[in-house]
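Residue-level structure breakdown
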Amino acid sequence: MADENIENQNSGETPSKSDDYDGWGFDLFPERRGTFKPTIKNILFQGRGNENVERMKCENKVAYCLNKSPLVKIMLGALKRNGCEVNPFRHIACEFCDTSVHGGYDPIMNQVVICQNTAVSKGTIQGVLTHELIHMFDNCTRKLDFRNIEHLACTEIRAANLTHCGLVSSMLEGHSSLFNFKKKHQDCVKHKATVSVLAVRDVTFEQAKEAVENVFDRCYADLEPIGRRIKGRRVDFDLAYAEAFLMGYD
């Protein structure tokens, strides 16, 4: 996803990040939108009212991943190398979210959101951090306009390609097999990218799928800054981190 490709997709338009734009998927993040107020029913029957405890647990697990996860450390190094150093207290927030999501990226605030009520394991938080930091990296290094559905589709393709669709997980979801893995992996990435576009944009499935298809080849081929597709084996994480120094991302 070279800069010129992104600029060509949006020629004649000026990327806008106006805070009055209502298409960022904020309905999935009621605390961020300012609409989350637990009711007595929520507290009595849904276990709400413990948000501060949830947040502290989430923040502790985030800190662990920032220090221990090879992929997260690659992303932090890459962002720093490109002049967009991450301050966890400023750029990462644990919040209450809709139960359909584990996290998100807020391009207006330039923040990664970790859903403290749904992303409860270190493994899940590691995946969310890596995925959303790819969006932050793309926003830092490419001229993204998140209103442009093809820009959004491209960064979702990259995040799915670099952090999801490992052989085991995608086989369990029915997207991959031991036979013709390359095509099945691409199918998995297309599916996850399409679903991600639908989660934050009020478009039809056909529109989301078309946007993904339009930019798929060049965005699927862009492996920066991790440098390889992670197939779900621990060795892939370690190899990617071992190679990071070559690009100054350690």
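This one's a predicted model, so the numbers in the text were calculated from it and none came from an experiment.

Describing the state of the cysteines
Within the structure shown, the criterion is met by five disulfides. Note on cysteine connectivity: Cys-58 is disulfide-linked to Cys-94, with sulfurs 2.1 Å apart. Where Cys-58 bonds to Cys-94 through sulfur, the torsion about that S-S bond is close to -75 degrees, and the disulfide is left-handed. Taken together, the residues span a long stretch of sequence, with Cys-58 in helix α4 (residues 51–68) and Cys-94 in strand β1 (residues 92–95) at a distance of 36 residues. Neither Cys-58 nor Cys-94 differs from the other in exposure class; each is buried. The partner cysteine of Cys-97 in its disulfide is Cys-115, sulfur to sulfur 2.3 Å. Of note, the bridge from Cys-97 to Cys-115 carries an S-S torsion of about -90 degrees and is left-handed in sense. Linking Cys-97 in the loop between β1 and β2 (103–106) with Cys-115 in strand β3 (residues 111–115), this pair joins segments that are 18 residues apart in sequence. Relative accessible area serves as the criterion here: at 1%, Cys-97 is assigned to the buried category. On the accessibility criterion, Cys-115 (0% relative accessible area) is buried. Cysteine pairing for the protein chain (bonded cysteines numbered in sequence order): 1-3, 2-6, 4-5, 7-10, 8-9.

A closer look at the packing of aromatic side chains
According to the stated counting rule, one finds two aromatic pairs in the structure shown. Between Tyr-105 and Phe-146 the ring centres are 5.9 Å apart and the planes differ by 50 degrees, which places this aromatic pair in the tilted class. Of this pair, Tyr-105 sits in strand β2 while Phe-146 is found in the loop between α7 (122–141) and α8 (149–163), placing the two residues 41 residues apart along the sequence. Overall, the relative accessible area of 12% leaves Tyr-105 in the buried class. For Phe-146, a relative accessible area of 8% translates into the label buried. Judged by centre distance (4.9 Å) and plane angle (20 degrees), the rings of Phe-216 and Tyr-220 are stacked. Taken together, the positions of Phe-216 and Tyr-220, both in helix α11 (residues 205–220) and four residues apart, correspond to about one turn of that helix. A relative accessible area of 2% places Phe-216 in the buried class. Over the ring of Tyr-64 we find Lys-122, and its NZ or CZ is 3.9 Å from the ring centre. The side chain of Lys-190 reaches across the aromatic face of Phe-216, ending 4.8 Å from its centre.

Basis of the calculations
Residues numbered from 1 in each chain as written. Predicted model: local features only at pLDDT ≥ 70, side-chain atom pairs only at ≥ 80, totals over all residues. Heavy atoms only, no water. Disulfide = S-S within 2.5 Å. Helix = DSSP H or I, 4+ residues; strand = E, 2+ residues; numbered from the N terminus. Buried < 20%, exposed > 50% of the residue type's maximum accessible area, 1.4 Å probe, protein only. Phe/Tyr/Trp six-rings, centres within 6.5 Å; stacked < 30°, edge-to-face > 60°. Lys NZ or Arg CZ within 6 Å of the ring centre and 35° of its normal.

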